[in-house]
Amino acid sequence: MKTTAILISALLPGLAFAAGGGGHHDPGHTTPEQWRLMGFMFVNFALFVGLMIRFARAPLRDYLIQRRRDLVEAMNAAARAKEEAEALKREYEQKLAGLEQTRKEISEEIARIAESERERTLAQAREAAARLKTDAELTARSDFERAKRELRDEAARLATEIASKEIRSRLDEGERRRLVREFLSSLESGSGAEAKQ
């Protein structure tokens, strides 16, 4: 505010001189009034410069010093930001390079897991097939043995039946009686021998 007032007071006389200027005069001749006015303007300007130096030097100096500090800080901050950006760029480039390696490692790990799982599944399938085959063989053997027994029993029953029919058809009544008598006498002789003992 002080600076503005000083500027206005310094410029007013100059403006008045330029606006009015004191009538008509010869361009090649300077009047005493013009010399006084020029002297007044010179003094006025010297006062203005002196006042400016007196009152504006410290704030201007402080402003310039602060402006320089701000510029230096801004430049330092920009340099730091640039370094951080470059470091971040390098870090992301490294991560990107590592990402490709990581992707490759994950792909290989997935392939290993899939192969391991396939081998494990195949082994389980083989074990299950072997168990089924063993169970089927045991069942077949058991069924075969049971069928053999049933066939043997049926063959014995049929043989007995056939033999019975054959014996009946070959033996007549007299032959049957004779066989019965022989059987009875063998029983009697067996019981007599037991009595003697």
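Owing to the predicted nature of the structure, the values given are computational and were not obtained by experimental measurement.

Caption draft 1: Broad picture of the overall build of the chain. When its secondary structure is counted, the chain shows three helices and zero strands. Along the chain, helices and strands appear, N-terminal first, in the series α-α-α. A burial count over the chain gives 4% of its 197 residues as buried. Summed over all atoms, the accessible surface of the chain reaches about 17300 Å², with 62% contributed by carbon and sulfur.

Caption draft 2: Broad picture of the packing of aromatic side chains. Counted by the stated rule, this structure contains one aromatic pair. Their ring planes at 35 degrees and their centres at 6.4 Å tell us that Phe45 and Phe48 sit as a pair that is tilted. Linking Phe45 with Phe48, this pair stays in helix α2 (residues 32-170), spanning three residues, or about one helical turn. Geometry around Phe55 places Arg54 over its ring, the cationic atom sitting 5.5 Å from the centre.

Caption draft 3: Representation of a nonpolar patch on the surface. Among the surface-exposed residues, Phe42, Val43, Leu47, Leu51 and Phe55 lie close enough to one another that they form a single nonpolar patch of about 490 Å² accessible area. Position of Leu51 among the secondary structure elements: in helix α2. Taking relative accessible area as the criterion, Leu51 reaches 34% and is therefore assigned partly exposed.

Caption draft 4: Spotlight on the pattern of salt bridges. Overall, the coordinates contain 12 salt bridges when judged by the stated rule. The closest approach of N and O atoms between Glu119 and Arg118, which form a salt bridge, is 3.2 Å. For Glu119, a relative accessible area of 37% translates into the label partly exposed. Beyond isolated ion pairs, a larger network of salt bridges with shared partners links Glu115, Arg118 and Glu119.

Caption draft 5: Spotlight on the confidence of the model for the chain. Per-residue confidence for the chain gives a mean pLDDT of 79; residues scoring 70 or more make up 80%. For the chain, the element scoring lowest by mean pLDDT is helix α1 (residues 2-19), at 52; α2 scores highest, at 86. Throughout residues 18-22 the model reports pLDDT below 50, and contacts reaching past four residues in sequence, or to other chains, amount to one contact.

So, how was this worked out
- Residues numbered from 1 in each chain as written.
- Predicted model: local features only at pLDDT ≥ 70, side-chain atom pairs only at ≥ 80, totals over all residues.
- Heavy atoms only, no water.
- Helix = DSSP H or I, 4+ residues; strand = E, 2+ residues; numbered from the N terminus.
- Buried < 20%, exposed > 50% of the residue type's maximum accessible area, 1.4 Å probe, protein only.
- Areas by Shrake-Rupley, 256 points an atom, 1.4 Å probe, with all protein chains shown as cover.
- Phe/Tyr/Trp six-rings, centres within 6.5 Å; stacked < 30°, edge-to-face > 60°.
- Lys NZ or Arg CZ within 6 Å of the ring centre and 35° of its normal.
- Patch = residues over 30% accessible without salt bridge, like charges linked within 9 Å, V, L, I, M, F, W, Y side chains within 5 Å.
- Salt bridge = Lys/Arg side-chain N within 4 Å of Asp/Glu carboxyl O.
- pLDDT = per-residue confidence, 0-100.
- Contact = heavy atoms within 4.5 Å.

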